[in-house]
Amino acid sequence: MIRKLFFDNPNGQSFHYALYTPPEFDGSTPMPLVIFMHGWGEKGKEDGSELDLVFTHGYLKYAGARDYPFMIAAPQCPSGKIWWAFTESLNAWLDHLTASFSVDPRRVALTGLSMGGYASWLWAECYPERFRAIVPVCGGGIPVGAQALVSMPVWAFHGDSDTTVPPQESLKMVSCLNSKGGSAKLTLYPGCGHNSWEQAYQDEALIAWLAEQTK
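Residues numbered from 1 in each chain as written. Predicted model: local features only at pLDDT ≥ 70, side-chain atom pairs only at ≥ 80, totals over all residues. Heavy atoms only, no water.

1. Regarding the side chain of H16
Its place among the elements puts H16 in strand β2 (residues 15-20). There is a polar contact of 3.3 Å between the side chain of H16 and the backbone oxygen of E46. Engagement of the side chain of H16 in a polar contact is seen with the backbone nitrogen of G48, the distance being 3.4 Å. Among all residues touching H16, those that are not within four sequence positions of it are L5, F6, E46, D47, G48, L51, A74, P75 and Q76. (Helix = DSSP H or I, 4+ residues; strand = E, 2+ residues; numbered from the N terminus. Polar contact = N/O pair within 3.5 Å; in protein donor to acceptor, adjacent residues only side chain to side chain. Contact = heavy atoms within 4.5 Å.)

2. Overview of the nonpolar core
L33, I35, W93, W121, F131 and I134 are the most contacted members of the largest nonpolar core, which has 39 residues in total. Contributing elements (two or more residues each) for this core: β2, β3 (31-37), β4 (71-75), α2 (87-100), β5 (103-113), α3 (115-126) and α4 (168-179). Apart from the residues within four sequence positions on either side, F131 is in contact with I35, L94, V108, A109, L110, W123, A124, M152 and K215. Counting residues in each nonpolar core, the second largest holds 33 residues, with L51, V137, F157 and Y189 among its members. (Core = buried A, V, L, I, M, F, W, Y, C linked by side-chain atoms within 4.5 Å. Buried < 20%, exposed > 50% of the residue type's maximum accessible area, 1.4 Å probe, protein only.)

3. Re the packing of aromatic side chains
Enumeration over the complete set of coordinates arrives at 16 aromatic pairs. Here the aromatic rings of F15 and F86 are separated by 6.0 Å at their centres, their planes lie at 35°, and the arrangement is tilted. Remark: F86 occurs in the loop between β4 and α2 and F15 occurs in strand β2; sequence separation between them is 71 residues. Taking the relative accessible area as the measure of exposure, F15 reaches 2% and is therefore buried. Exposure remark for F86: the relative accessible area of 7% places this residue in the buried category. Three or more aromatic residues joined by ring pairs form one cluster here, namely F7, F15, Y17, W83, F86 and W93. Its end group placed over the ring of W40, K43 keeps NZ or CZ at 3.4 Å from the ring centre. Cation over ring: K185 sits above W155, and NZ or CZ is 3.6 Å from the ring centre. (Phe/Tyr/Trp six-rings, centres within 6.5 Å; stacked < 30°, edge-to-face > 60°. Lys NZ or Arg CZ within 6 Å of the ring centre and 35° of its normal.)

Following this line, the structure appears as structure tokens:
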């Protein structure tokens with residue numbers, strides 16, 4: 001089931017989001033959650049009339065044709081804004097999801113592409129205690145903050161021919177993290193440009209990896 005919902009935040013940014021729940025979900029047993037952060041091109045009007053843009057890429061694109069072993073929540077960044085401008089509002093939204101939809105707080109993973117890939121790195125660097133694993137796709141972060149992710153499972157993806165977000169953005173994050181004692185891994189797709197998400201989000205090994213991670 002996919003629902004289109006609205007997070008009304010009186011203390012910060014409000015936004016619309018899509019929520020996928022597996023067929024077996026009945027609310028009686030806490031389930032793992034994967035948060036998907038979209039890219040620059042999928043931002044939408046604050047009235048929610050363009051929420052369908054969050055289905056353009058990522059797991060929700062394929063949710064009608066297959067089932068996933070976790071819930072998927074995809075917030076929409078309002079037009080004219082960027083993800084990292086309202087991280088506290090995203091934290092409040094995650095609290096709301098955990099309280100309202102029987103989310104297992106030990107099994108919340110974070111992923112995103114392009115602008116959302118940057119958001120995945122940065123949100124996790126600022127609040128590592130909130131996530132069990134992260135999967136940044138064609139994004140980048142702040143290498144000096146990588147120390148916060150040393151104990152977190154990280155799997156990054158990038159196209160080695162990406163000219164929009166150079167693969168060095170992922171390489172420097174993974175290298176810095178691992179130099180501090182982390183065990184992050186990076187998959188580089190040969191000859192792939194910016195759309196590395198098309199391969200990453202159809203990777204069955206990644207889906208299984210996300211499902212098995214527990215904090």
